[in-house]
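Listed here are the chains, written in short residue letters.
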Amino acid sequence: MKKHSDNPDQAFANLIGLGNHSARKSYYSELVGKLDELEAEKNRYEWLFENAQQGILQVALDGGILLANPAMVQLCGYPDATTFCRDITQLESRLFSCTDAYEEFRYQLVQSGKVFCFETLFRRYNGECVHVSINALLRHADKEQPTIEAFVQDITERKKTQARLEELNEELEERVASRTRELVKLNDQLWQEISERELAQRELKVAKEAAEEANHSKDKYLAAASHDLLQPMNAARLLIAALRERPLAQQDGQLVERVHLALENAEDLLTDLLDISKLDQNAVQPDISEFRVSQLIRSMVGEFSPVAEDKGLTISACDSQAVVRSDSRLLLRIIRNFISNAIRYTERGRVLVGCRRRADTLSIQVWDTGTGIPQEKQDDIFKEFQQLECHTMKERQGVGLGLAIVDRIAKMLDHPIEVSSVAGKGSMFAIDVPLAQNQAPSMLISSFSMPVQDRLQGLPVLVIDNEENILASMQALLSQWGCNVVTAASAAEALEACRHQGVAPEVILADYHLDHGKVGTDAIVWLREQFGLALPAAVLTADRSADCRAEFKRLALPVLNKPVKPSKLRALLTHLA
């Protein structure tokens with residue numbers, strides 16, 4: 001007998017719950033549950049299909065659109081899905097804006113069965129185009145035509161952004177290129193400016209070298225000119241000095257005094273101009289040493305006493321045993337200027353020179369009872385060509401370089417200057433000089449006492465100078481002082497003249513620059529050897545160079561600079577005698 005299960009139809013009916021009553025009762029509830037789940041899943045997929053943000057499309061591979069969701073319809077701008085599916089019968093002609101793009105899309109899909117991120121243009125209902133990105137799969141169903149299931153995303157905004165970025169990038173590249181061109185242009189201009197500056201620097205260097213050469217030539221010219229100018233001025237000063245000491249008629253005496261004052265002013269002016277030129281060229285180098293300041297002050301007071309007496313003034317000094325450290329010659333120049341100005345601007349009263357210790361410095365001060373200096377003009381007096389207007393002065397003297405020279409020398413020595421003045425009552429000029437650590441002096445400044453005429457009577461003096469006018473003026477002046485004078489233009493002539501006259505000199509006064517490149521110091525040394533005596537000697541010269549001063553110091557020879565002041569010459573002769 002055939003089994004129940006041997007009937008296939010009955011077996012299938014039993015499987016789906018349509019068999020006997022017992023089977024239906026066992027599987028009905030499970031089947032209903034499965035059907036409900038399927039219905040719920042179907043509804044969920046329908047909801048996703050209807051509400052998806054991306055367009056969903058089902059298309060026959062070689063036919064029209066089978067299915068499209070609302071997002072797809074909206075993306076392509078159609079009024080409804082029915083119109084969209086009806087109108088789009090061929091993808092390559094109705095949806096894809098470019099046939100080549102569709103062919104590329106279809107080729108990739110057929111080859112691999114899927115396409116991801118394929119970008120193209122879709123034609124909208126109104127004829128416009130929209131940028132889209134497609135992800136698609138090719139489905140093969142049994143006995144049916146293959147279908148394409150695709151997800152489509154609108155990328156128009158992204159494309160616009162990308163296009164804008166490309167545009168901005170092009171603008172940026174253009175700006176970079178433009179800026180690069182500007183920088184290249186500026187760089188070319190900079191190189192041109194550098195080249196021009198280098199050319200200007202080379203021209204400035206050449207000009208500087210030319211200026212330095214001109215200054216060097218000027219220094220040589222000034223040295224030569226000063227020697228040539230001071231030589232005849234020296235002769236004139238000595239001749240005028242001889243005339244001043246002779247008894248003359250009153251009118252002649254006044255004329256001689258005027259000539260004396262004129263020569264003195266010219267000498268001061270020339271000396272100041274030479275000094276200021278040397279200071280500007282840094283040609284003056286300090287020779288620092290230690291010396292007792294009293295020697296210097298006594299020398300200055302002795303030098304200016306006759307000048308002060310001629311104006312009816314009293315000049316005095318408060319002695320000091322302090323030893324200072326400075327350049328004695330330059331410090332002497334400063335104090336001489338202070339005293340000279342004090343006498344010049346004082347009509348009555350006195351001039352006092354004194355010293356005051358201040359810690360490790362000594363303040364050398366010159367007081368006067370003169371016209372004084374207004375407060376607002378006390379800084380101007382140290383400038384070049386600045387002089388105070390003084391109605392009490394009978395005549396103008398100098399050009400206002402004295403205190404300018406003092407200021408530069410003081411700065412070079414690093415010695416501070418102090419000025420204290422009250423208009424109408426007087427002034428005080430001071431300079432602070434460092435005190436020496438050892439108050440025992442290592443060098444003293446030579447000072448000459450005021451001459452005593454009896455010491456010069458019959459004194460044999462040999463004068464050597466290559467200027468005939470100077471020899472004549474020295475002959476006249478020294479003879480008038482009672483000296484027995486022998487003059488010569490060279491050392492050989494001097495020896496011959498002394499032997500011819502049967503006179504052995506006791507003092508030699510020699511010019512430094514003689515003819516044929518000879519110098520007075522060599523003449524003095526040679527004559528000492530010829531006479532076999534260490535004859536006292538001195539050099540009279542217009543050369544104020546540092547090399548000459550160093551040589552005179554090495555030979556221990558006193559020096560008088562031309563134009564020679566008769567009072568200093570007389571004091572020197574008395575000292576040497």
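Described in the following lines is the structure provided in the data block. Just so you know, these numbers come straight off a predicted model, no measurement behind them.

1. Considerations on the sheet that holds strand E17 (residues 559-561)
Strand order in the open sheet formed by five strands is E14-E13-E15-E16-E17, and the pairing between neighbours is parallel. Since the sheet does not close on itself, it has two edges, and those belong to strand E14 (484-488) and E17, each with one partner. Ignoring strand direction, the axes of neighbouring strands in this sheet form an average angle of 20 degrees. Strand direction decides the pairing type here: strand E15 (residues 507-511) and strand E16 (residues 537-541), joined by four bridges, are parallel. Bridge assignment links Ile508 to a residue of E16, and that residue is Ala537. Contacting strand E13 (460-464), E15, E16 and E17, helix H16 (residues 566-576) runs over the sheet at an angle of about 140 degrees to E15.

2. Some details on the pattern of salt bridges
Inspection of every chain in the model, using the stated rule, returns 16 salt bridges. Between Asp287 and Lys553 there is a salt bridge, with its nearest N and O atoms 3.3 Å apart. In this pair, Asp287 is assigned in the loop between helix H8 (250-280) and strand E6 (289-292) and Lys553 in helix H15 (residues 546-554), connecting sequence segments 266 residues apart. The exposure class assigned to Asp287 is partly exposed, which follows from its relative accessible area of 42%. With its nearest N and O atoms 3.3 Å apart, the salt bridge here joins Asp407 to Lys411. Here Asp407 pairs with Lys411, and both are found in helix H11 (residues 402-413), just four residues apart, close to one helical turn. Accessibility expressed as a relative area gives 62% for Lys411, which makes it exposed. Linked through salt bridges whose partners overlap, the residues forming this network are Glu119, Arg158 and Lys159.

3. Description of the sheet that holds strand E10 (residues 361-368)
The strand order across the open sheet formed by five strands is E7-E9-E10-E12-E11, and the pairing between neighbours is mixed. The open sheet has two free edges, formed respectively by strand E7 (314-317) and strand E11 (417-422), since each of these has just one partner strand. Neighbouring strand axes in the sheet, compared pairwise and without regard to direction, differ in orientation by 15 degrees on average. Where E10 and strand E12 (residues 426-434) come together, seven bridges link them in antiparallel fashion. Bridge pairing in E12 links Leu362 to Val433. Along the sheet, helix H9 (residues 293-310) contacts E7, strand E9 (350-358) and E10; its crossing angle with E7, the most-contacted strand, is approximately 175 degrees.

4. Considering the side chain of Lys562
Among the structural elements, Lys562 can be located in the loop between E17 and H16. By relative accessible area, which is 1% here, Lys562 ends up buried. In this structure the side chain of Lys562 is engaged in a polar contact, spanning 3.3 Å, whose partner is the side chain of Asp511. Once residues lying within four places of it in the same chain are set aside, the contact partners of Lys562 are Leu230, Gln231, Asn234, Asp465, Ile470, Asp511, Leu540, Thr541, Ala542 and Arg544.

5. Details of unusual backbone geometry
When glycine is set aside, most residues are seen to have a negative phi, and most peptide bonds are trans. In this structure, Ala359 is a non-glycine residue whose phi angle is positive, near 55 degrees. Inspection of the secondary structure puts Ala359 in the loop between E9 and E10. The exposed category is assigned to Ala359, whose relative accessible area is 77%.

6. Considering helix H12 (residues 468-480)
Along its 13 residues, H12 runs 18 Å from first to last C-alpha, staying within 8% of the 18 Å computed at 1.5 Å per residue. Within H12 the residues assigned to the buried category are Ile470, Leu471, Ser473, Met474, Leu477 and Leu478. Axial view of H12: buried residues confined to an arc of 165 degrees, hence all on one face. Exposed and oriented more than 90 degrees from the buried face of H12 are Glu468 and Asn469. Immediately downstream of H12, the backbone of Gly482 shows phi near 100 degrees, a positive value.

7. Considerations on helix H13 (residues 491-501)
Listing the buried residues of H13 in full gives Ala491, Ala494, Leu495, Ala497 and Cys498. Projection of H13 onto a plane perpendicular to its axis shows the buried side chains occupying an angular sector of 165 degrees, all on one side. For H13, the exposed residues lying more than 90 degrees away from the buried face are Glu496, Arg499 and His500. Buried residues along H13 sit in contact with E13, E14 and helix H14 (520-531). Backbone geometry just downstream of H13 places Gly502 in the positive-phi region, at approximately 65 degrees.

8. Considerations on the packing of aromatic side chains
The geometry of an aromatic ring pair is captured by two quantities: the separation of the ring centres and the angle between the planes. Summed over the entire model, instances satisfying the criterion amount to eight aromatic pairs. Where Phe96 meets Tyr102, the ring centres are 5.2 Å apart and the plane angle is 65 degrees; that geometry is what we call edge-to-face. For Phe96, a relative accessible area of 2% gives the class buried. A relative accessible area of 4% places Tyr102 in the buried class. Ring geometry for Tyr512 and Phe552: centres 5.2 Å apart, planes at 85 degrees, overall edge-to-face. With a gap of 40 residues between them, Tyr512 in the loop between E15 and H14 and Phe552 in helix H15 connect regions that are remote in the sequence. Aromatic rings pair up to connect Phe96, Tyr102, Phe105, Phe118 and Phe122 into one cluster.

9. Thoughts on the packing of H9 against helix H10 (residues 328-344)
One can describe the packing of H9 onto H10 by two numbers: an axis separation of 10 Å at closest approach and a directional angle of 30 degrees. Here H9 is positioned roughly parallel relative to H10, judged by the angle of their axes. The hand of the H9/H10 crossing is right-handed. Where H9 abuts H10, its residues Leu296, Met300, Glu303, Phe304, Val307 and Ala308 lie against Ser328, Leu331, Leu332, Ile335, Arg336, Ile339, Ser340 and Ile343.

10. A word on the side chain of Thr541
Note on placement: Thr541 falls in strand E16. For Thr541, the residues in contact, after removing those within four places along its chain, are Asp511, Tyr512, His513, Phe552, Val559, Leu560, Asn561 and Lys562.

11. A look at the nonpolar core
Counting residues in each nonpolar core, the largest one holds 39 residues, and the members touching the most others are Ile315, Leu331, Phe338, Ile339, Ile343, Ile364 and Ile431. Secondary-structure elements contributing two or more residues to this core are H9, H10, E9, E10, H11 and E12. With nine residues, H10 is the single largest residue contributor to this core. Not counting the four nearest positions on each side in its chain, Ile431 is found in contact with Leu331, Ile334, Phe338, Leu362, Ser363, Ile364, Ala410, His415 and Pro416. Counting 30 residues, the second-largest nonpolar core is a separate cluster that includes Val115, Ala136, Leu138 and Val152.

Thresholds, definitions, all that
Residues numbered from 1 in each chain as written. Predicted model: local features only at pLDDT ≥ 70, side-chain atom pairs only at ≥ 80, totals over all residues. Heavy atoms only, no water. Pairing = 2+ DSSP bridges. Helix = DSSP H or I, 4+ residues; strand = E, 2+ residues; numbered from the N terminus. Axes fitted to C-alpha atoms, helices over the stretch in contact; angles between N-to-C directions. Contact = heavy atoms within 4.5 Å. Salt bridge = Lys/Arg side-chain N within 4 Å of Asp/Glu carboxyl O. Buried < 20%, exposed > 50% of the residue type's maximum accessible area, 1.4 Å probe, protein only. Polar contact = N/O pair within 3.5 Å; in protein donor to acceptor, adjacent residues only side chain to side chain. Expected span 1.5 Å × (residues − 1). Arc of directions from axis to C-beta. Phe/Tyr/Trp six-rings, centres within 6.5 Å; stacked < 30°, edge-to-face > 60°. Parallel < 35°, antiparallel > 145°, perpendicular 65-115°, else oblique. Left-handed = near helix turned anticlockwise from the far one by under 90°. Core = buried A, V, L, I, M, F, W, Y, C linked by side-chain atoms within 4.5 Å.

On their own, these measurements won't tell you what the molecule is for.
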